[in-house]
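# Chains, contacts and geometry: an overview
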Amino acid sequence: MREDHCTRCGACCAAFRVDFHCSELAGGNGALSGDGVPVALTYPVTGSLVRMRGTDEAPPRCIALAGEVGQSVRCTIYADRPSPCRDFAPYAALGIGEDACDRARARHGLPPLAAA
Ligand code: SF4
Ligand code: SF4
């Protein structure tokens with residue numbers, strides 16, 4: 001999640017599973033910045049994959065998401081968030097969404113970003 005549009009949204013953090021390689025965990029060697037993702041906020045899926053807690057629940061909501069979707073949100077581990085979060089809809093902060101962003105927003109009754 002990024003600034004601007006995303007801090008008023010957060011739908012993707014409450015729509016999709018967030019899986020990533022265990023090297024991005026805190027203490028691993030694959031953190032893209034910061035200290036890596038806190039281990040306690042994840043659980044193992046396979047020997048090499050971990051998942052953000054809450055993202056495969058029904059309804060999904062990442063354990064690291066604070067605030068109210070569609071109103072005001074923030075990622076409580078923003079500097080340490082995993083690569084899927086960094087790569088998702090890279091132009092959303094500029095108001096340019098994409099299919100997955102639009103689908104996440106639709107799940108929460110929000111219009112496509114371009115129309116927001
Ligand atoms: S669904 Fe799109 S606009 Fe909403 S937080 Fe995610 S990337 Fe940003
Ligand atoms: S780690 Fe942060 S950016 Fe990624 S899904 Fe969770 S709340 Fe969203």
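Since the structure is predicted, the reported quantities are computational estimates derived from the model, not experimental observations.

The helix and strand tally for the protein stands at two helices and five strands. Written out in order from the N terminus, the α and β elements of the protein read β-β-β-β-β-α-α. Rg of the C-alpha trace for the protein: 14 Å, near the compact-globule value of 13 Å for 116 residues, within the 12% margin. In terms of overall dimensions, the protein has C-alpha extents of about 40 × 30 × 25 Å along its principal axes. When each of the 116 residues of the protein is scored for burial, the buried share is 41%. Computed over 12 positive and 13 negative side-chain charges, the inter-centroid distance for the protein is 3 Å.

Per the stated rule, a full pass over the model turns up one aromatic pair. Aromatic side chains Phe16 and Phe88 sit 5.9 Å apart centroid to centroid with 45° between the ring planes, which places their arrangement in the tilted category. Linking Phe16 in the segment before β1 (19-21) with Phe88 in the loop between α1 (83-87) and α2 (99-107), this pair joins segments that are 72 residues apart in sequence. Note on Phe16: relative accessible area 21%, which makes it partly exposed. Cation over ring: Arg81 sits above Tyr78, and NZ or CZ is 3.9 Å from the ring centre.

Where β1 and strand β3 (residues 49-52) come together, three bridges link them in antiparallel fashion. Paired with Asp19 across the bridge in β3 is Arg51. Strand direction decides the pairing type here: strand β2 (residues 42-44) and β3, joined by three bridges, are antiparallel. For Thr42, the partnering residue across the bridge sits in β3 and is Met52.

The full set close to ligand 1 counts 11 residues, and Cys6, Cys9, Gly10, Cys12 and Cys101 are the nearest of them. Taken together, the residues that form the shell around ligand 1 break down as eight nonpolar, one polar and two charged.

Glancing now at the pattern of salt bridges. A side chain of one charge can pair with a side chain of the opposite charge when the charged atoms of the two come close. This model, assessed by the stated rule, comprises two salt bridges. Linking Asp19 and Arg51 is a salt bridge whose minimum nitrogen-to-oxygen distance equals 2.6 Å. One end of the pair, Asp19, is in strand β1; the other, Arg51, is in strand β3, with 32 residues separating them in the sequence. Residue classification places Arg51 among the buried positions, given a relative accessible area of 9%. One connected set of salt bridges, linked through shared partners, spans Asp19, Arg51 and Asp56.

Let's shift gears to the side chain of Arg86. Within the secondary structure, Arg86 is located in helix α1. One buried charged residue, Arg86, forms no salt bridge at all, with the nearest opposite charge on Glu24 at 5.7 Å. In this structure the side chain of Arg86 is engaged in a polar contact, spanning 2.8 Å, whose partner is the backbone oxygen of Arg81.

Calculation notes
- Residues numbered from 1 in each chain as written.
- Chains lettered and ligands numbered in written order.
- Predicted model: local features only at pLDDT ≥ 70, side-chain atom pairs only at ≥ 80, totals over all residues.
- Heavy atoms only, no water.
- Helix = DSSP H or I, 4+ residues; strand = E, 2+ residues; numbered from the N terminus.
- Rg over C-alpha atoms; globule rule 2.2 N^0.38 Å.
- Buried < 20%, exposed > 50% of the residue type's maximum accessible area, 1.4 Å probe, protein only.
- Lys, Arg positive; Asp, Glu negative; His and termini not counted.
- Charge placed at Lys NZ, Arg CZ, Asp CG, Glu CD.
- Phe/Tyr/Trp six-rings, centres within 6.5 Å; stacked < 30°, edge-to-face > 60°.
- Lys NZ or Arg CZ within 6 Å of the ring centre and 35° of its normal.
- Pairing = 2+ DSSP bridges.
- Near = heavy atom within 4 Å.
- Nonpolar A, V, L, I, M, F, W, Y, C, P; charged D, E, K, R; others polar.
- Salt bridge = Lys/Arg side-chain N within 4 Å of Asp/Glu carboxyl O.
- Polar contact = N/O pair within 3.5 Å; in protein donor to acceptor, adjacent residues only side chain to side chain.

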